[in-house]
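# Chains, contacts and geometry: an overview
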Amino acid sequence: MLQIEQLAVNYGAIQALKGVSLTVAAGEVVTLIGGNGAGKSTLMKAISGLEPCAGGRIAFDGQDLARTPAHRRVALGIAQSPEGRQVFPDQSVRDNLLLGAYLRPAGDASIAADLEEQFTTFPRLRERQHQMAGTLSGGEQQMLAIGRALMARPRLLLLDEPSLGLAPLIVKEIFAVIRTLKQRGMTILLVEQMANQALKVADRAYVLKTGEIASSGPAQALLEDPAVREAYLGKH
Ligand code: ATP
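Residues numbered from 1 in each chain as written. Predicted model: local features only at pLDDT ≥ 70, side-chain atom pairs only at ≥ 80, totals over all residues. Heavy atoms only, no water.

- The name given to the protein in an unreviewed UniProt entry is Branched-chain amino acid transport system ATP-binding protein, with the source organism recorded as Acidovorax soli.
- UniProt annotates the protein under Sequence similarities (unreviewed entry) with the comment "Belongs to the ABC transporter superfamily." (UniProt positions renumbered as here; feature names shortened; annotations may be inferred.)

## Things to note about the nonpolar core
- Core analysis: the biggest nonpolar cluster contains 45 residues, and Ile-188 and Leu-199 have the highest contact counts within it.
- Apart from the residues within four sequence positions on either side, Leu-199 is in contact with Thr-31, Ile-33, Ala-205, Ala-219, Leu-222, Leu-223, Val-228 and Leu-233.
- Within the second largest apolar cluster, 27 residues are counted, among which are Val-24, Ala-38, Ala-46 and Leu-76. (Core = buried A, V, L, I, M, F, W, Y, C linked by side-chain atoms within 4.5 Å. Buried < 20%, exposed > 50% of the residue type's maximum accessible area, 1.4 Å probe, protein only. Contact = heavy atoms within 4.5 Å.)

## Topic: the site of the ligand
- Around the ligand, a shell composed of 14 residues is seen, among which Asn-36, Gly-37, Lys-40, Ser-41 and Thr-42 lie nearest.
- The backbone of Ala-38 places a nitrogen or oxygen atom 3.0 Å from an oxygen atom of the ligand.
- Burial of the ligand by the protein chains amounts to 63% of its free accessible area of 630 Å².
- Partitioning the shell around the ligand into residue classes produces four nonpolar, seven polar and three charged. (Near = heavy atom within 4 Å. Polar contact = N/O pair within 3.5 Å; in protein donor to acceptor, adjacent residues only side chain to side chain. Areas by Shrake-Rupley, 256 points an atom, 1.4 Å probe, with all protein chains shown as cover. Nonpolar A, V, L, I, M, F, W, Y, C, P; charged D, E, K, R; others polar.)

## Concerning the sheet that holds strand β2 (residues 14-24)
- An order of β2-β1-β4-β5 is seen for the four strands of this open sheet, with the pairing classed as antiparallel. Both outer strands of the open sheet, β2 and β5 (63-64), are each paired with one neighbouring strand and no more.
- Relative to strand β4 (residues 55-60), strand β1 (residues 2-11) runs antiparallel, the two sharing five bridges. Note that in β4 the partner of Ala-8 across the bridge is Gly-55. (Pairing = 2+ DSSP bridges. Helix = DSSP H or I, 4+ residues; strand = E, 2+ residues; numbered from the N terminus.)

What follows is the structure, given as structure tokens:
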């Protein structure tokens, strides 16, 4: 579904990505792990069209995205739940979710059905649907960010650090949701610093180190790899 070849992204003189190649097949959950500043968020932004590529190629269903602006990528089926959630704090939970469906005409019956689906997946969002998003806890805001991305009816869901800054119990809840989405057949690219949890839910994984893929393979194999365990799982 997603093919990335030799992708390069620069910020001025900083080479954030130096020739990254990666694939995600339909129905797979692929995780990209790596430390602070490895380039994980940059890769996500390049896929969703928020950062221009300096070299290489990103293709979705075989179509080169080089000339496809971000909003067209959403229409093709790529939706991102961004790092730091970025919900609209002064709008209600419900309106934040509806914003995710902005490509469909307001009032479309499918929007109400999808809203109901998000409320089933995230019961807390149903309870709090009329509250301003800014009053939600961090975990609830994260669920809202994922729900909003799902309202775009993506075929590829990009999740950028969904566990960031959340308490361990809430992180568990977020990963349970990712598991549910996986069981429904959703294709997911998951960026995480919580490598342990991410590798447990993923089918395959890539380790990104200073803008380059340091290793890749089945998630289970990386979970057992001593070098990965030492560097990213804090275990020897
Ligand atoms: P983190 O988990 O801390 O977000 P990351 O793996 O997502 O890390 P990126 O945010 O993609 O890493 O950053 C990769 C590199 O690019 C870092 O060296 C970072 O300082 C640099 N960088 C990121 N965004 C910008 C920007 N807007 N301008 C300049 N440099 C940037």
